[in-house]
Amino acid sequence: MQKCNQVMTKEPVCCLPEDTVAKVAQLMQRDNIGSIPVIDNDKTQKLVGIVTDRDLVLKIIAKGQDAKTTKVETVMTRQVVTCLAEDNLQKALDAMAEHQLRRIPIVDGSHKIIGIIAQADVATRVNQPEKTAEMVKEISQSNAK
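Residues numbered from 1 in each chain as written. Predicted model: local features only at pLDDT ≥ 70, side-chain atom pairs only at ≥ 80, totals over all residues. Heavy atoms only, no water.

*Asks:* I tried to follow the overall build of the protein chain on my own but got confused; where do I start?
*Replies:* Along the backbone of the protein chain there are six helices and six strands. Starting at the N terminus and ending at the C terminus, the protein chain contains elements arranged as α-β-α-β-β-α-β-α-β-β-α-α. When each of the 145 residues of the protein chain is scored for burial, the buried share is 39%. Long-range pairs, those at least 24 residues apart, make up 59% of the contacts in the protein chain between residues at least 6 apart in sequence. (Helix = DSSP H or I, 4+ residues; strand = E, 2+ residues; numbered from the N terminus. Buried < 20%, exposed > 50% of the residue type's maximum accessible area, 1.4 Å probe, protein only. Contact = heavy atoms within 4.5 Å.)

This is the structure we're talking about:
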C-alpha cells in the first residue's frame, strides 16, 4: 500500500487567516484548485484551517458579503481532517469517504502542512481504477436522511 507522501501534491498553495476572500478566490482561479489550506504564518506553516470554493459560494456570495474586505478566518473550516505523510493511503481514502471530503491536507508531526491529496491525485497517481471509482462514490453520497 502506498503512503500519503507518495500520492500527495507537495507544497500546496496556502493562505493566511488575514488574507481576503478575494485573494483566495484569485489563487483558486490561477492554480485551478478548489481548496486552499490556511496556515498560521509563512515561517511555521502550521495548518489552522482550510477554505474551499464551496465556502466562498455559501458564506460570501450567497450571503452578499464583500469578498474584498472579508477575511479568510471568517469563512474557513477550523476543524480540519488531516493525515500524516507516512500514513497509508488507505487511511486518507477512508477519512475522505467518512467525512465526504474531496481533498485532505497532509501534515507532519508538528501539524505543518506538507502536502494535500485530492480526488484527482488518487485518480492519476494510483493505478487502481476500482479504488478511485469507489472513493468518488463514497465521497459523493448524500448524507440526507
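*Asks:* Before we go on, may I ask you to explain the nonpolar core in this structure?
*Replies:* One recurring pattern in soluble globular proteins: nonpolar side chains tend to sit buried together. Cys 4, Cys 83, Leu 89, Ala 92, Ile 104, Ile 106 and Ile 117 are the most contacted members of the largest nonpolar core, which totals 14 residues. Taken together, the elements giving at least two residues each to this core come down to helix H1 (4-7), helix H4 (89-99) and strand E5 (103-107). For this core, the element with the highest residue contribution is H4, accounting for five residues. Those residues in contact with Ala 92, other than ones at most four positions away along the chain, are Cys 4, Cys 83, Ile 104 and Ile 117. Formed by 13 residues, the second largest nonpolar core is a distinct cluster that contains Cys 15, Ile 36, Val 38 and Val 75. (Core = buried A, V, L, I, M, F, W, Y, C linked by side-chain atoms within 4.5 Å.)

*Asks:* Is there a simple way to think about the environment of Val 24 in this case?
*Replies:* By the secondary structure assignment, Val 24 is in helix H2 (residues 21-31). Separated by 12 residues in sequence, Val 24 and Ile 36 have C-alpha atoms that sit 7.5 Å apart. Not counting residues up to four positions away in its chain, the partners in contact with Val 24 are Cys 15, Ile 36, Val 51 and Val 72.

*Asks:* What's the story with the sheet that holds strand E6 (residues 113-118) in this structure? I'm lost.
*Replies:* Two modes of strand pairing occur in sheets, parallel and antiparallel, and in both the strands are linked by backbone hydrogen bonds. Taken in spatial order, the four strands of this open sheet run E1-E6-E5-E4, and their pairing is mixed. The sheet terminates laterally at strand E1 (9-10) and strand E4 (83-84), the two strands that pair on one side only. With five bridges joining them, E5 and E6 adopt antiparallel strand pairing. If you follow Arg 103 over to E6, its bridge partner there is Ala 118. (Pairing = 2+ DSSP bridges.)

*Asks:* Can you help me understand the pattern of salt bridges in this one?
*Replies:* Summed over all chains, the structure comprises four salt bridges. Its salt-bridge partner being Asp 19, residue Lys 23 comes within 3.5 Å of it at the nearest N-O pair. According to the relative accessible area criterion, Lys 23 is partly exposed, its value standing at 39%. With its nearest N and O atoms 3.6 Å apart, the salt bridge here joins Asp 55 to Lys 59. With Asp 55 and Lys 59 both in helix H3 (residues 53-61) and four residues apart, the pair spans about one turn of that helix. (Salt bridge = Lys/Arg side-chain N within 4 Å of Asp/Glu carboxyl O.)

*Asks:* What am I meant to see in a nonpolar patch on the surface here?
*Replies:* Together, Val 57, Leu 58 and Ile 61 make up a nonpolar patch on the protein surface, roughly 280 Å² of accessible area in all. Looking at the element boundaries, Leu 58 is found in helix H3. (Patch = residues over 30% accessible without salt bridge, like charges linked within 9 Å, V, L, I, M, F, W, Y side chains within 5 Å. Areas by Shrake-Rupley, 256 points an atom, 1.4 Å probe, with all protein chains shown as cover.)

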